[in-house]
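Reading the structure
The chain contents come next:
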Amino acid sequence: MTVLTPATLDADELRGVATTLESAHPSEVIAWTLQRFGRERSVVVTGLQAEGVAVLDMAVAVDPQVRAVTIDTGRLPAATYEYIDMLRDHFGRDIEVVHPDAAMLGEYTTRNGLNGFYSSLQLRLDCCHIRKVEPLERVLRNADAWMTGLRRGQSDRRASTPVVELDDGHGGIAKVNPVATWSEAQVREHLAARGVPLHPLYSRGYTSIGCDPCTRAVQPGEHARAGRWWWEAEGVDKECGIHGRPELPGARNEGAQASE
Ligand code: SF4
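Residues numbered from 1 in each chain as written. Predicted model: local features only at pLDDT ≥ 70, side-chain atom pairs only at ≥ 80, totals over all residues. Heavy atoms only, no water.

**Side note on the side chain of histidine 170**
Note on placement: histidine 170 falls in the loop between strand 5 (164-167) and strand 6 (173-176). Judged by relative accessible area, which is 15%, histidine 170 ranks as buried. One polar contact links histidine 170 to aspartate 167, side chain to side chain, over a distance of 2.6 Å. (Helix = DSSP H or I, 4+ residues; strand = E, 2+ residues; numbered from the N terminus. Buried < 20%, exposed > 50% of the residue type's maximum accessible area, 1.4 Å probe, protein only. Polar contact = N/O pair within 3.5 Å; in protein donor to acceptor, adjacent residues only side chain to side chain.)

Structure follows, in structure tokens:
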């Protein structure tokens, strides 16, 4: 009798694999993901920062046909568009680009202006929702597992990132964070050893790269994510919401996690 593997992990399986994968090399984590969920139901989602590109590189080594997606918010730096083409050339394959819903975006910009996100935290979160969160939700509707570049050392919010978890925000599918346990140096060493090009903005003082109007280079000694939404008040999460709701000042969001 054929026993079908369920598409989603249950709590028992999660507990078992989480212990094993915690000490596994990221390539092994990726291989497990593709074997467990299958190529057709697994996807690497990357914002093209070093961590996500390292995951992409390892995933392509495991399975050259692995699905790879990035989200074009429509406000990315010109260097990011150039970088997408650099990576396509490097890997000799496509990277799927998904876009915001035109109707939602049109309604937002008509009502709030093209740069309405500077006006209030709510309008910034609304913009992030339309340009990032909703496109990701569309991608994940057809997936049972997604692989990210989240790393514990990126911020306090990410310090407890598991290697594998159930993503309740996306229907309970598996969320796999292969480089969660790695240091920034390990990520950079991996990319250098593999000859994978880095996003050009790293050499211009950027330590975290997002949309052009919302990201700037950081000064020496500043936190790596200080250049994101730099105008917002102290205590506002440097998060967009694709990994869970950002925590708002003075309010704790139960179950909220970190972001891109
Ligand atoms: Fe909009 Fe800025 Fe968020 Fe990009 S980072 S989606 S431009 S608010």
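**Re unusual backbone geometry**
Phi is positive for leucine 48, close to 75 degrees, though the residue is something other than glycine. Its place among the elements puts leucine 48 in the loop between strand 1 (42-45) and helix 3 (50-62). For leucine 48, a relative accessible area of 1% puts it in the buried group. The backbone of tryptophan 229 sits at a positive phi, close to 45 degrees, despite the residue not being glycine. Mapped onto the elements, tryptophan 229 comes out in the segment after helix 7 (184-194).

**Overview of the nonpolar core**
Counting residues in each nonpolar core, the largest one holds 44 residues, and the members touching the most others are Leu21, Trp32, Leu87, Met147 and Val164. Put simply, the parts of the chain that give this core at least two residues each are helix 1 (11-22), helix 2 (26-37), helix 3, helix 4 (78-91), strand 4 (145-147), strand 6 and helix 7. Tallying contributions element by element places helix 3 first for this core, with 8 residues. Once you skip the residues sitting within four places of it in the chain, tryptophan 32 turns out to touch Leu9, Val17, Leu21, Phe37, Val164 and Val176. Counting 23 residues, the second largest nonpolar core, distinct from the first, contains Val45, Leu105, Trp229 and Ile242. (Core = buried A, V, L, I, M, F, W, Y, C linked by side-chain atoms within 4.5 Å. Contact = heavy atoms within 4.5 Å.)

**Considerations on the site of the ligand**
Near the ligand, the surroundings consist of Phe117, Arg124, Cys127, Cys128, Arg131, Lys132, Cys211, Cys214 and Trp229. Across the shell around the ligand, the residue classes tally to 6 nonpolar, no polar and 3 charged. (Near = heavy atom within 4 Å. Nonpolar A, V, L, I, M, F, W, Y, C, P; charged D, E, K, R; others polar.)

**Quick look at the pattern of salt bridges**
Inspection of the entire model under this criterion finds 14 salt bridges. Among the ionic pairs, arginine 39 bridges to aspartate 63, the shortest N-O distance being 2.8 Å. Residue arginine 39 is found in the loop between helix 2 and strand 1, and its partner aspartate 63 is found in the loop between helix 3 and strand 2 (68-71); the two are separated by 24 residues along the sequence. A salt bridge links arginine 88 to aspartate 85, with the shortest nitrogen-to-oxygen separation between them at 3.5 Å. Of this pair, arginine 88 and aspartate 85 both sit in helix 4, 3 residues apart, which is roughly one turn of that helix. On the basis of relative accessibility, which here comes to 27%, the residue arginine 88 falls in the partly exposed class. A residue is classified by how much of its surface remains accessible, and aspartate 85, at 43% relative accessible area, is partly exposed. Shared partners join several salt bridges into a network, and the residues in it are Asp85, Arg88 and Asp94. (Salt bridge = Lys/Arg side-chain N within 4 Å of Asp/Glu carboxyl O.)

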